[in-house]
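Examination of the molecular architecture
Here are the chains, one letter per residue:
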Amino acid sequence: MAHVRLNGITKVFGTHTALENLDIEIGDGQFFVLLGPTGAGKTTTLRLIAGLEKPTAGTIEIGGIDVGDWGAAERDVALVLQQYSLYPRYTVRQNLEFPLKSNTRRMAQPDIDQRVAKAAKTLRIEHLLERKVDRLSGGEMQRVSIGRAIVRSPRIFLMDEPLSNLDAKLREALRTELKNLQMQLGATFLFVTHDQIEAMSMGDKVGVLNNGRLAQVGTPYEIYHHPRDTYVAGFVGSPAMNLIAADLLGDRLRIPSGAIELAVGPSLRARLGRASGPVTIGIRAENVHLDPGGPIEARVWGVENHGVEKIVTLKAGDCLFKATMPAMTPTEIDAPMRLSFDQSRLHAFDATTGVNLSLEGRALEAAE
């Protein structure tokens, strides 16, 4: 069993609290992604599970057993880092064999050969086995680094931003390969990244970290479409969700900075329950629509071309927001546009706490 549970984990370094009361559960055979900016506590979490750090408070369980007193070797986890951790003057084969020849394993050579051959075939590096590592490309070195983890057959794979040093095209290819590898092995993966594309495309579950606290855990769909607060809403998504100060007054929604007033339709009212007063509204760029009869008048402020689509920055009064449009849409700078928001996809967040009021609205409806 490689089920992992972190219960109330706090980690303090001197006067700095890296993690505070962290609860995470990673199912056996699950691909769990820990997402957050630099300094959020992602690598610290990884090192705690690996046994390289001890928590200030809380417990870590692997397979239902408290491993607080276990050393790194006893936990049987494999770390894959962005720095590859390979011996440059060894061949690929020698690098793959190395972890199997440690004092704790001392496997027989036929067994070593079998594991190396299987890992090489899985990662498609069979043709590189006799090549020195210092003659490999970055992508090939990362495959070898992952292979060193695979040959050990660990209980858990811990990956600390392993793709961050690669170019964009190679990162895309290896994302697919890693996800396929995890499903093929049926192994438990904890993947740490600051890249939301990696998180959303690879994870079965995603945990979003904010200054050492877990802001939200859910499927990629839940994280993207039902963010718990403005931090998650603004961090996940490219472009980021538009977050705009507004006032919700009865059946009217007013955006003072843009001189915009919208009628609150039944779909939005159902999402918001009894919410009223100052709010922060959130709307994804793909839910801002060109609409000749729309209630929002804005002008084109900027355009980013992305091939099949373009991201258009629009300005209404002093309010700036983004919309995604087909590449063929005419978008001259300062040209006027009529727009509408898809109210069935619009969020409202508490202006003070940042909590998503649409989640509370659904909870109220369920209770009644």
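In the block above lies the structure referred to throughout.
Residues numbered from 1 in each chain as written. Predicted model: local features only at pLDDT ≥ 70, side-chain atom pairs only at ≥ 80, totals over all residues. Heavy atoms only, no water.

Here the focus is the overall build of the protein. Looking only at helices and strands, the protein has 11 helices and 20 strands in total. With the principal axes as the frame, the protein shows a C-alpha extent of 75 × 45 × 40 Å. Per-residue burial over the protein gives 48% buried out of 368 residues. For the protein, the share of sequence-separated contacts (at least 6 apart) that also reach a separation of at least 24 residues comes to 66%. Per element, the accessible surface of the protein, about 17400 Å² overall, is 50% carbon and sulfur. Between the averaged position of the 42 positive side-chain charges in the protein and that of its 43 negative side-chain charges there is a distance of 6 Å. (Helix = DSSP H or I, 4+ residues; strand = E, 2+ residues; numbered from the N terminus. Buried < 20%, exposed > 50% of the residue type's maximum accessible area, 1.4 Å probe, protein only. Contact = heavy atoms within 4.5 Å. Areas by Shrake-Rupley, 256 points an atom, 1.4 Å probe, with all protein chains shown as cover. Lys, Arg positive; Asp, Glu negative; His and termini not counted. Charge placed at Lys NZ, Arg CZ, Asp CG, Glu CD.)

This part takes up the pattern of salt bridges. Taken as a whole and assessed by the stated rule, the structure comprises 15 salt bridges. With a shortest N-O distance of 3.3 Å, Arg254 and Glu261 are connected by a salt bridge. Owing to a relative accessible area of 38%, Arg254 belongs among the partly exposed residues under this scheme. A relative accessible area of 36% means that Glu261 is categorised as partly exposed. Each of Arg5, Glu25 and Glu61 takes part in salt bridges that share partners, so that together they form one network. (Salt bridge = Lys/Arg side-chain N within 4 Å of Asp/Glu carboxyl O.)

On the surface, Tyr87, Tyr90 and Phe98 cluster together into a nonpolar patch covering about 270 Å² of accessible area. With a relative accessible area of 37%, Phe98 lands in the partly exposed category. (Patch = residues over 30% accessible without salt bridge, like charges linked within 9 Å, V, L, I, M, F, W, Y side chains within 5 Å.)

This part is about helix H4 (residues 109-123). Between the first and last C-alpha of H4 there are 21 Å, a value that for 15 residues agrees with the 21 Å anticipated at 1.5 Å per step. Those residues of H4 that fall on the buried side of the exposure criterion are Ile112, Val116, Ala119, Ala120, Thr122 and Leu123. Buried residues of H4, seen end-on, are gathered within an arc of 160° and therefore sit on one face of the element. Across from the buried face of H4, at angles greater than 90 degrees, the exposed residues are Pro110, Gln114, Lys118 and Lys121. Residues of H4 that are buried in the fold lie against helix H3 (92-97), helix H5 (138-150) and helix H6 (168-185). (Expected span 1.5 Å × (residues − 1). Arc of directions from axis to C-beta.)

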